[in-house]
Amino acid sequence: MKLGEDDVRAIADEARLSLTDAELVGAVRYINNFLEMVDRFKELDLKDVEPFCFAETNVCPLRKDVPAVFPDAKDILAERTRDMGSFFKVPRIVEDAVGNRDVSCEPAMGA
Amino acid sequence: MEFHALGVHEIAAGVRAKKFTALDVFNECLDRTIACESKLSALITVTADSGRAQAREVDAGIARGEEMGLLAGVPVILKDNMCTHGIRTTAGSRILGYWSPPYDATVWRLLSSEGAVLLGKANMDEFAMGNTTGTSAFGPTANPWDLSRVPGGSSGGSAASVAAAYTPLALGSDTGGSIRQPASYCGIYGLKPTYGLVSRYGLIAYGSSLDQIGPFTRDLEDMALAMQILAHHDLKDSTSVAKGNIDFSLPMGDKNGNVNLKGKRIALVKDFQDFTLDPPIADAMRRVLRVMEEGGAEISEVSLPTVARYAVACYYAIAASEAHTNLARYDGVRYGLMVNTATSLKDMFEQVRSQGFGSEVKSRIIAGTCLTEPVRSEEYYVAATRVRTLIAAEFGKAFEKVDAILQPVTPSLPEKIGESDEDAMKGYESDLYTLPVNMAGLPGLSFCTGYARDSGPVPGFPSEPTSGLPVGLQLVGPRWSDKNLLDIAFELQKVLGAPQIARGGI
């Protein structure tokens, strides 16, 4: 089934992307070509085929979950656009009683 | 002295033996870089000051009589999707345009602990999505053999840097061919290692089940040396396989002897034979096959019908789905681009992502979002993961009978910059020769066979240098056979010659 502009706009909205009109036209063509390509899977009988995984070892590859000291803690706070001494500078998103939101980058939020 | 023309092992040996200093090597390579960079644009960031400081440290260590590492004073370049502590790392995207990571990727930690010196961060397609380096937010890179053409991608900056001899070693990442295709377009060696052999910790993720870091070099011994250091189990990457350490230090044999491929079982893929190849690539296939036969290899055919028909669709379904998940983290809150004009939280996310991502990345995010929506997930994403099982099994069966497959890297030579097709899907089809390797987690080595002229390839290029475009081919092996691919290429190099430094007007 081909997707139209409204379908693609809804998907883009879900992905938190806003598209220009030109981008939307391109995205509709792209996604429909893409779906046509992956429609090939329907030629195959896949019901007894397991999803792929790299199962070469029975050893759990996860390391132990133990706290460790990050040697450069101050570097995490040192990003140029967000550096406020020992604080992260992030946009403040405030929702008032009626649901209106306000975003401002001026005040700093404490870590 | 032209240090930039030396190999990794030559520089490290010379620095350790105090024949020259790491600082002299770095400065000369930096001069070479600066001289070429206005034409190539291979780098996003040049790390002149920190590189000089690292080189001085190496020299100071040597002066103190300390034991120096395998890469003492060797300048290297990293693709700009590998985190470097305090050094801007952009992934070729506006959304990370000024991001400085607070930690090093494991691969850089391993190289620098052996004395490597960072010269710069290489240009790349945005978030590694592309095969021209043309989707970079920092503009395209040119091919050092022909400045009007693309160097390939997504690791095009890394490949162009090594081909143009900025450094003898650069790292790239390969999700669907992003090391092997630019290596082929730039006429050098590029290895996509077995998935799990090299740590991905600190690599900015695109398709996590496909991404793999690997080296570019102009010399096979240099590549073996790099892999000896990079093939290292890493607890910080749960996909790094503990049994994966392979001994790359074994000598490769006599450089000047006859080609010896006795006992090597090499196959062509029957199902690829009907696809059209540019004449220089078809000629190179015939020529290399003849060299293999004369060297005593057993040549046969394998059949990969599922790969030939479904791998491209399967790859893009999985890559887009993983990309959409991996790129969800770029929301303007924690790092990267942020905006001051949003009216709501959702508006802020949309503004940051819409201004920060380029159109190829947006397209793939939308495709991934679409394929993983609950109404379509079973039909497309889950189906793709099942098709992937069939593809891996097909390779597994083929490698019961053969040690390696010889195949093209691409069906054509590099196109002109800006010439890419309106229909992105056609570009995707040309990836058929590279991306199945990532689907099955296999190693693939791209190597240069010679140089094309309009009338076809020039045999024996070391004696007949041309400014024609390099023609690459690829060896693919079963998982953990990386060293065997280098050994086969080493034998071929006796006839094909080693890759040369590019001279396309730089």
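In short, a report on the structure. All of these numbers come straight from a predicted model, not from anything done at the bench. (Residues numbered from 1 in each chain as written. Chains lettered and ligands numbered in written order. Predicted model: local features only at pLDDT ≥ 70, side-chain atom pairs only at ≥ 80, totals over all residues. Heavy atoms only, no water.)

**Digging into the pattern of salt bridges**
Should the charged atoms of two oppositely charged side chains come close, the side chains can pair. All names here are of chain B. This structure, assessed with the given rule, holds 21 salt bridges over all chains. Here D49 ties to R52 by a salt bridge, and the two come within 3.4 Å at their closest N and O atoms. Separated by 3 residues within a single helix, D49 and R52 lie in helix α3 (residues 48–63), roughly one turn from each other. Taking relative accessible area as the criterion, D49 reaches 62% and is therefore assigned exposed. (Salt bridge = Lys/Arg side-chain N within 4 Å of Asp/Glu carboxyl O. Helix = DSSP H or I, 4+ residues; strand = E, 2+ residues; numbered from the N terminus. Buried < 20%, exposed > 50% of the residue type's maximum accessible area, 1.4 Å probe, protein only.)

**Some words on the packing of aromatic side chains**
All names here are of chain B. Under the defined criterion, the tally for this structure stands at 11 aromatic pairs over all chains. Look at Y330 and F357: their rings are 6.3 Å apart centre to centre, the planes differ by 90 degrees, and that puts the pair in the edge-to-face class. Taken together, the residues span a long stretch of sequence, with Y330 in the loop between α9 (305–326) and α10 (345–356) and F357 in the loop between α10 and α11 (359–372) at a distance of 27 residues. Taken as a pair, Y330 and F357 share a single burial class, namely buried. In this structure an aromatic cluster arises from ring pairing among F127, Y330 and F357. (Phe/Tyr/Trp six-rings, centres within 6.5 Å; stacked < 30°, edge-to-face > 60°.)

**Points about helix α12 (residues 374–401) of chain B**
One turn of an α-helix holds 3.6 residues; hence residues three or four places apart share an orientation. The end-to-end C-alpha distance of α12(B) is 41 Å, a good match for the 40 Å that 28 residues give at a rise of 1.5 Å each. In the structure, α12(B) departs most strongly from a straight axis at A383(B), where the bend amounts to approximately 35 degrees. (Expected span 1.5 Å × (residues − 1). Bend = angle between axes of the 7 residues up to and from the residue.)

**Focus: helix α1 (residues 5–14) of chain A**
All names here are of chain A. Of all the positions in α1, only V8, I11 and A12 are classed as buried. Down the axis of α1, the buried set is contained in an arc of 100 degrees. They therefore lie on one face. Count one or two residues on from α1 and you reach R16, which has phi positive near 55 degrees. (Arc of directions from axis to C-beta.)

**Examining the environment of S100(B)**
Residues and elements named next belong to chain B. Mapped onto the elements, S100 comes out in the loop between β2 (75–79) and α4 (106–113). Looking at S100, the relative accessible area reads 23%, which means it is partly exposed. Sequence spacing of S100 and T90 is 10 residues, and the spatial spacing of their C-alpha atoms is 8.4 Å. If sequence neighbours within four positions are ignored, S100 has contacts with G86, I87 and R88. (Contact = heavy atoms within 4.5 Å.)

**Concerning the packing of helix α7 (residues 220–230) of chain B against helix α15 (residues 482–496) of chain B**
Residue and element names in this part refer to chain B. Between α7 and α15, whose axes approach to 10 Å, the crossing angle comes to 165 degrees. Classified by the interaxial angle, the pair formed by α7 and α15 is roughly antiparallel. The way α7 lies across α15 gives a crossing that is left-handed. Two secondary-structure elements touch here, α7 through L220, M223 and A224 and α15 through L486, A489, F490 and Q493. When its residues are assigned to classes, the contact of α7 with α15 shows 6 nonpolar, 1 polar and no charged. (Axes fitted to C-alpha atoms, helices over the stretch in contact; angles between N-to-C directions. Parallel < 35°, antiparallel > 145°, perpendicular 65-115°, else oblique. Left-handed = near helix turned anticlockwise from the far one by under 90°. Nonpolar A, V, L, I, M, F, W, Y, C, P; charged D, E, K, R; others polar.)

The values are spatial; any link to function lies outside them.
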